[in-house]
Amino acid sequence: MGFVSNVLGFCGFGVGISTGLVIGYFLFTYFQPNDVKDPEIRPLVEQDSETLQRMLPEIPLWVKNPDYDRVDWINKFLEYMWPYLDKAICMTAKNIAKPIIEEQIPKYKIDAVEFEKLTLGSLPPTFQGMKVYVTDEKELIMEPSIKWAGNPNVIVAVKAFGLKATVQVVDLQVFALPRITLKPLVPSFPCFANIYVSLMEKPHVDFGLKLIGADLMSIPGLYRFVQELIKNQVANMYLWPKTLQVPILDPAKACKRPVGILHVKVVRAMKLRKKDLLGASDPYVKLRLTEDKLPSKKTTVKQRNLNPEWNEKFDIIVKDPQTQALELHVFDWEKVGKHDKMGMNVVPLKELTPEEPKLMTLELLKNMDLNDAQNEKSRGQLVVELTYKPFKEDEIPKTFEESKTVQKAPVTAPDGGGMLVVIVHEAQDVEGKHHTNPYVRILFRGEEKKTKYVKKNRDPRWEEEFIFMLDEPPINDKLHVEVLSSSSRMGLLHPKETLGYIDINLSDVVNNRRINERYHLIDSKNGQIQIELQWRTK
Amino acid sequence: MGLISGMLMGMIFGISLMAGWRHMMRYRSTKRIAKAADIKVLGSLNRDDLKKICGDNYPEWISFPVYEQVKWLNKQLSKLWPSVAEAASAVIKESVEPLLEEYRPPGITSLKFSKLTLGTVAPKIEGIRVQSLKKGQITMDIDFRWGGDPSIILGVEAALVASIPIQLKDLQVFTVIRVIFQLAEEIPCISAVVVALLSEPKPRIDYTLKAVGGSLTAIPGISDMIDDTVNTIVTDMLQWPHRIVVPIGGIPADTSELELKPEGKLTVTVVKANDLKNMEMIGKSDPYVVVHIRPLFKVKTKVIDNNLNPVWNQTFELIAEDRETQAITVEVFDEDIGQDKRLGIAKFRLIELEPETPKEVNLSLLSSLDTLKVKDKKDRGSCTLKLLYHQFSKEEQLIALEEEKTILEERKRLKEAGVIGSTMDALDGAASLVGSGVGMVGTGIGAGVGLVGSGVGAGVGIVGSGLGAVGSGLSKAGRFMGRTITGGHSSKRSGTSTPVNSIQENGGAKPL
C-alpha cells in the first residue's frame, strides 16, 4: 500500500510540478511587459555613498591612469549621433536578415520569422579612455576602452504550426579593451593600408535572453556557462596576439611601385619654326613623365637645324600607365639667357599597347589648351617611337612584403656573408653653432657613405638606405654614424660642423637580424637619431 | 491520498520554482540596468563629479578645459604626418589651383604652385569641443594650430615680367575650424559635412613672402596682391558664415538648408566723408569709396577730385547672407596713378540694424581693421552712411539666389572667353557691373536682367547692361570701365588683346 501510495505520490508530484510551472509561468512571467524601459539616470552629485561604492570598479581608466586620455568629445559625438545610428543599424540589419530568413525558413517548415522589435536602445557605447603608444616602427597603435551597457531590445517572433514563439534579447552589455593598429603608413589617403584589431583582455559580455518571456540567463549557473563560452569563443579568435585584419588599401598600389618601362626613341623633328634672329634655331628635346619627380631627360642640341635628326633612345620608369603621360618639349638652345620654347605635346600612356612599338608624328603646340588660338599656327612636327613594356608579375620588386621580414641577400653574396643594410630614418633636436643643414655620414670598415643634406632643419628626415656587402658577419665591428652640417653658403668661415655622432655595435644586429632604434647622439645636447639596421643572409 | 498530496506538493514546488526564477530574473535585470545607468553616468564626468568620487585623492593631472585636449590625437598625427603631408600636397595642389585662378588679382596673368611640400612639422590640435546647436546636427569645433615649415613656391606671371617664383615662408595658421555634421538615418549616418573657419577668434594666417632669386620689388605691389588674394579666399570661402558644404556620398539629402543663401538686402547710401587724410603731394586726395559685405561683391562710388570732405550721395544694394555675423566694410581710397592708396577702413555689424528701419551711421575710419596692427591713433576722418536692411521673403530669396548664380556664371563665362583676366578683374574696376547686378537683384527684374538673361554672346552685353542699369554716375562708370580695361590691356599678353579692345570700345560707347 505504502509503495503504491509512494508511486502515486511521485506521479502526482510530477504532474503537480508541470502544472505548477505552467501556473507559475502564467502568474509571474506571461503578463510581464516585454518592452525595455530607459533606465533612470540621476546625476552623480545626488547619489549616496553606497551607490558610489558600487560604481567604483567601473570608474573610467582616464581617471585612474594618467597615460589614458579623456575622450569626452567622442562620447558626446556618439551620444548625439546615437538615435540616428540606432535607426540606421537596425534598418541595415533587417535588410540583411530578410533574404537570409526567406531562403532558410522553407527548410524547417516555419511559416515566418520576423523582427517584432529591433532597437539598440537609448544608451550609446562610451569610450572610457584612450591610450596610444609611440614606437619607432611605421605604425600607429591605440587602445580605447569601450564600454557599452545598453538597453537594446530585440524580439524575434517565430511562427510555426499556428503557434508563435518569441526570442528576446535585452540589456546587452559588452566591455572590451581592443588594440587597434594602423599599419603600414603609406603616402596616399587615408594614409594607412591595414587595420589590425585584437583584444587585450577577454571581453565582458552580459545580456538577458528571454524565451517566450522567461529569461534563460537567470537560471543559476547557465549565465556563467554561456558567458564563459562566449568569452572563450571570442578570445580564440581575437585575443592578442590573434588579430583581425581589415585591408583598406592595396599597399603596393598605395606606394606606387614601378610597374613598367617606357622606351622612347626621339627620331626627328620637321619644319620647326625659326626662333633665332640670326640663323636657324638650335633645337633639343626634353622629355618627362607627368606626376614624376625625377628630372627630365634631354637629347643633344642640334646646331642650326630646323629639321634635326636625333635618333636617341631613353628609358623611363612608369608607375601608373593609366594616369601618367609623356610630356615632350622642344626647346631652342641659347648660349645666353632663357632657352625658348618651340613647342610641346603630351602622349597619355594609356594610348599605347604594351610591348608594341608605336611610331607617332606629333604636331607641336604652344600649350595643351585646346581653345588657345595660338595652337592653330604650325610649329612643326616631332617624330617619336614609343614602346611600353610592363614588368612581368614576378619581375615587380615586391619590396613591400619583403621589407617587413628581412630580405634575403642576393645570390652573389659569398657563403657565411651577407648584406648589411643601414636605413637612416630621421634625427631630432640636432643643432649646430653656426648653421644647421644636417646630413649623415656613415663609416664602416673604411667605407664612407653620405645622405643628402636637409636645409635649415633641426628635425631632419632622410629615409635613405645604404648597403654594405660583407664576407662574414660583422660581429666585432662597429658602425660609425655622424651627423654633420655643411654651410649653405660658400662660406669659408664655418664650412663644416659636427652635430653629434654614435658608434653602434653590430653584433646585436647579427643576432637580431633587424634593429630599429633611436640613439642619443654623443657631443650633442638633446640630439637623437633613428637608424634601422638589417643583416640579410642567404 | 498520496497522489493528491503529491500533486499539491508538486504544484507548490513548481510555482515556487517559477517564483524563484522570476525573482532571479528581476534581480539580474535590475542589476544590469543599474550597471547601464552607472556606465552612462561615468561616461561624461565633470570636475564636481570627480571630486565626489575621488574625495581627497583627486587626480591632479586631470583638467576640464572648454576645448578638450587631445594629446593622443596629436601623437598619432605627428607620427602619421610624413604620409599625410605627401598625400595632402597632391590634393591641395589640385583643389587650390583653380581657386587661385578664380580669385587671381588683376595684373597677374597666372598664379600656380611650382612647388608644394608641407614640411616636417605636424599641425597640433589644441582642443576639440562637440556640441549640438540644432537638432540633427553636430557641431565640432577644432582648435587648430600649425606653425609649420612648408615649402610653398608660387609661380607668378605678371604683366611684362616673366614668371617669378615667390616663396611663402614661415606659414602659421591659428584658427578654430568648425565642422558641422548633418545627421541622417542611413549608414553612414552623416549626409553632409559643413566646414568653415570660426570668425571669433579671427583666423590667423601669417606668412612672409620672399622672391626666389630676385626681389619682390620686381613687380610693384605683388605682395599686397597675394595678401589680398589669400585674404579674399579665406574670408569669402571659409570664414563663418561662409562655408564649404560637402555632401557625403550615397545619401540623397537636401543640403540646401546648409548652404549659405541670401537672407536680406542692405541698401547703402554713401553720403559723404569728412576730414579725410591728404595723401597727395600736390593738391588734395581724390577719394572714392568701396563698400562690400562679401569681398566677391564689391561696389564702388565715383571719384571726387581734390576734396577732403567729399559728398557722393550714391546708393547701392548689397545682399546679406547672415545678419547675425556679417558686417559691412567701408573702405575709402585715394585714386592715384598706379596703386590707389587706402585712406581708411571701417566696419559696421549688420546685427545692429533694425530690419526695415533706415539708420544713418557715422563711422570713424581706421588705418586697419586689425586692432593689433593700428599703429597711429591719428584721426583719419569719418564716413557717413545711410543703411536700410530688408529681410527677404521666400520668393525674393529665390529670385536673389538665381540672380547671384547668373552673375557668377556670367563672370565665369566672361573669364573663359578671355574678356576679363579673372573674376577679381571684374570686381576691381568694373564695380559698376557688380553694383548693377546687385541692383537688379534688389529691384527684382531690371532691364539689365533681360540683357544678361538673353545672354548676349560676348561680354559686351553684360558690361553694357551693367552700365546701363547703374543709372547714377554713368559717366563715372564709363570712365571706370575704360580705366580698368586699359589696365587690363597692358597686363594681358598679346593673345587676348583683341577682345579686350572691342570691349573697351563698347563699354565706353554705351553710356554716351
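The structure displayed is predicted, hence computed values, not measured ones. (Residues numbered from 1 in each chain as written. Chains lettered and ligands numbered in written order. Predicted model: local features only at pLDDT ≥ 70, side-chain atom pairs only at ≥ 80, totals over all residues. Heavy atoms only, no water.)

> Hey, could you run me through the overall build of chain B in this one?
Scanning chain B from terminus to terminus reveals 11 helices and 16 strands. Counting every position in chain B, which comprises 512 residues, the buried fraction comes to 49%. Here the contacts in chain B between residues at least 6 apart in sequence split such that 66% fall between residues at least 24 apart. Only carbon and sulfur atoms are counted for the fraction: they give 57% of the accessible area of chain B, which is about 24,200 Å². (Helix = DSSP H or I, 4+ residues; strand = E, 2+ residues; numbered from the N terminus. Buried < 20%, exposed > 50% of the residue type's maximum accessible area, 1.4 Å probe, protein only. Contact = heavy atoms within 4.5 Å. Areas by Shrake-Rupley, 256 points an atom, 1.4 Å probe, with all protein chains shown as cover.)

> Is there a simple way to think about the UniProt feature "transmembrane region" (unreviewed entry) in chain A in this case?
Mapped onto the present numbering, the UniProt feature "transmembrane region" (unreviewed entry) falls on residues 7–28 of chain A. End C-alpha atoms of residues 7–28 of chain A are separated by 31 Å, and the span's content is 100% helix alongside 0% strand. (UniProt positions renumbered as here; feature names shortened; annotations may be inferred.)

> What should I look at first to understand the packing of aromatic side chains in this one?
Each aromatic ring pair is summarised here by two numbers: the centre-to-centre distance and the angle between the ring planes. Residues and elements named next belong to chain A. Tallied over the entire structure, the rule returns nine aromatic pairs over all chains. Taking the centre distance of 5.8 Å and the plane angle of 20° together, the rings of Tyr 284 and Phe 331 count as stacked. Of this pair, Tyr 284 sits in strand S12 (residues 283–289) while Phe 331 sits in strand S15 (residues 325–332), placing them 47 residues apart in sequence. The same class applies to Tyr 284 as to Phe 331, namely buried. One Lys or Arg, Arg 179, reaches over the ring of Tyr 133 and ends 5.3 Å from the middle of that ring. Across from the ring centre of Phe 468, 4.8 Å away, lies the NZ or CZ of Lys 449, which sits over that ring. (Phe/Tyr/Trp six-rings, centres within 6.5 Å; stacked < 30°, edge-to-face > 60°. Lys NZ or Arg CZ within 6 Å of the ring centre and 35° of its normal.)

> What am I meant to see in the interface of chain A and chain B here?
Bring the parts together and some accessible area is lost; that lost area is often taken as the interface size. Listed as interface residues are 97 residues of chain A and, on the opposing side, 83 residues of chain B. For the pair chain A and chain B, the summed buried surface comes to about 7,800 Å²; carbon and sulfur atoms form 70% of the total. Three residues stand out in chain A for area buried against chain B, namely Arg70(A), Trp73(A) and Tyr84(A), and they jointly supply 10% of the buried area on that side. Viewed at the interface, chain B and chain A are joined by seven salt bridges. A salt bridge links Asp38(B) to Arg54(A), with the shortest nitrogen-to-oxygen separation between them at 3.0 Å. The interface formed by chain A and chain B contains 22 residue pairs in polar contact (both at pLDDT 80 or more). With 16 residues, the single largest contributor to the side of chain A that touches chain B is helix H1 (residues 2–30) of chain A. Class assignment of the residues belonging to the side of chain A that touches chain B gives a composition of 51 nonpolar, 25 polar and 21 charged. (Buried area = accessible area lost by both parts, 1.4 Å probe. Salt bridge = Lys/Arg side-chain N within 4 Å of Asp/Glu carboxyl O. Polar contact = N/O pair within 3.5 Å; in protein donor to acceptor, adjacent residues only side chain to side chain. Nonpolar A, V, L, I, M, F, W, Y, C, P; charged D, E, K, R; others polar.)

> What exactly am I supposed to notice about the sheet that holds strand S18 (residues 381–390) of chain A here?
Paired through their backbone hydrogen bonds, the strands of a sheet run either parallel or antiparallel. Residue and element names in this part refer to chain A. One open sheet accounts for four strands, arranged S14-S11-S18-S17; its pairing is antiparallel. Edge positions in the sheet fall to strand S14 (309–318) and strand S17 (358–363), since each has one partner strand and no second. Strand-to-strand twist across the sheet, computed as the mean angle between neighbouring axes with direction ignored, equals 25°. (Pairing = 2+ DSSP bridges. Axes fitted to C-alpha atoms, helices over the stretch in contact; angles between N-to-C directions.)

> Please clarify how the UniProt feature "transmembrane region" (unreviewed entry) in chain B should be interpreted in this entry.
Feature annotation in UniProt places "transmembrane region" (unreviewed entry) on residues 6–25 of chain B, given in this structure's numbering. Along residues 6–25 of chain B, the helical share is 100% and the strand share 0%, with 28 Å between the first and last C-alpha atoms.

> I keep staring at the environment of Asn65(A) and nothing clicks. Help me out?
Tracing the backbone through its elements, the reader meets Asn65(A) in the loop between helix H3 (61–64) and helix H4 (72–104). Asn65(A) sits 66 residues away from Lys131(A) along the chain, and the two C-alpha atoms are 9.7 Å apart.

> How should the confidence of the model for chain A be read in this particular structure?
When the pLDDT values of chain A are averaged, the result is 82; 88% of them are 70 or greater. No element of chain A has a lower mean pLDDT than helix H7 (residues 399–404) of chain A, at 42, and none a higher one than strand S3 (residues 140–149) of chain A, at 92. (pLDDT = per-residue confidence, 0-100.)

> What exactly am I supposed to notice about the environment of Arg514(A) here?
Residue and element names in this part refer to chain A. Structurally, Arg 514 can be placed in strand S25 (residues 514–520). For the pair Arg 514 and Arg 536, spaced 22 residues apart in sequence, the C-alpha to C-alpha distance is 8.8 Å. Polar contacts involving the side chain of Arg 514 include one to the side chain of Glu 532, which spans 3.1 Å.

> Even after reading the chapter, I still don't get unusual backbone geometry, so can you show me in this structure?
The peptide bond linking Lys183(A) to Pro184(A) adopts the cis configuration, its omega dihedral lying at -15°. With phi around 55°, Asp429(A) is a residue other than glycine that occupies positive phi space. Overall, Asp429(A) belongs to the partly exposed group, its relative accessible area being 32%. We note that Asp275(B) has phi near 50°; this positive angle belongs to a residue other than glycine. Structurally, the position occupied by Asp275(B) is in the loop between strand S9 (264–274) and strand S10 (287–292).

> Honestly, the side chain of Thr269(B) in this entry has me stumped. Any pointers?
Residue and element names in this part refer to chain B. With respect to the helices, strands and loops of the structure, Thr 269 is situated in strand S9. Look at Thr 269 and you get buried, because its relative accessible area is 15%. Excluding residues within four positions of it along the chain, Thr 269 makes contact with Asn 313, Gln 314, Thr 315, Thr 384, Leu 385 and Lys 386.

> Help me out: how do you make sense of the sheet that holds strand S16 (residues 340–348) of chain A in this one?
All names here are of chain A. Strand order in the open sheet made by the four strands is S13-S12-S15-S16, with antiparallel pairing throughout. Sheet topology places strand S13 (297–298) and S16 at the edges, where each strand pairs with a single neighbour. As judged from the seven bridges shared by S12 and S15, these two strands associate in the antiparallel manner. Directly across from Pro 283, in S15, lies its bridge partner Asp 332.

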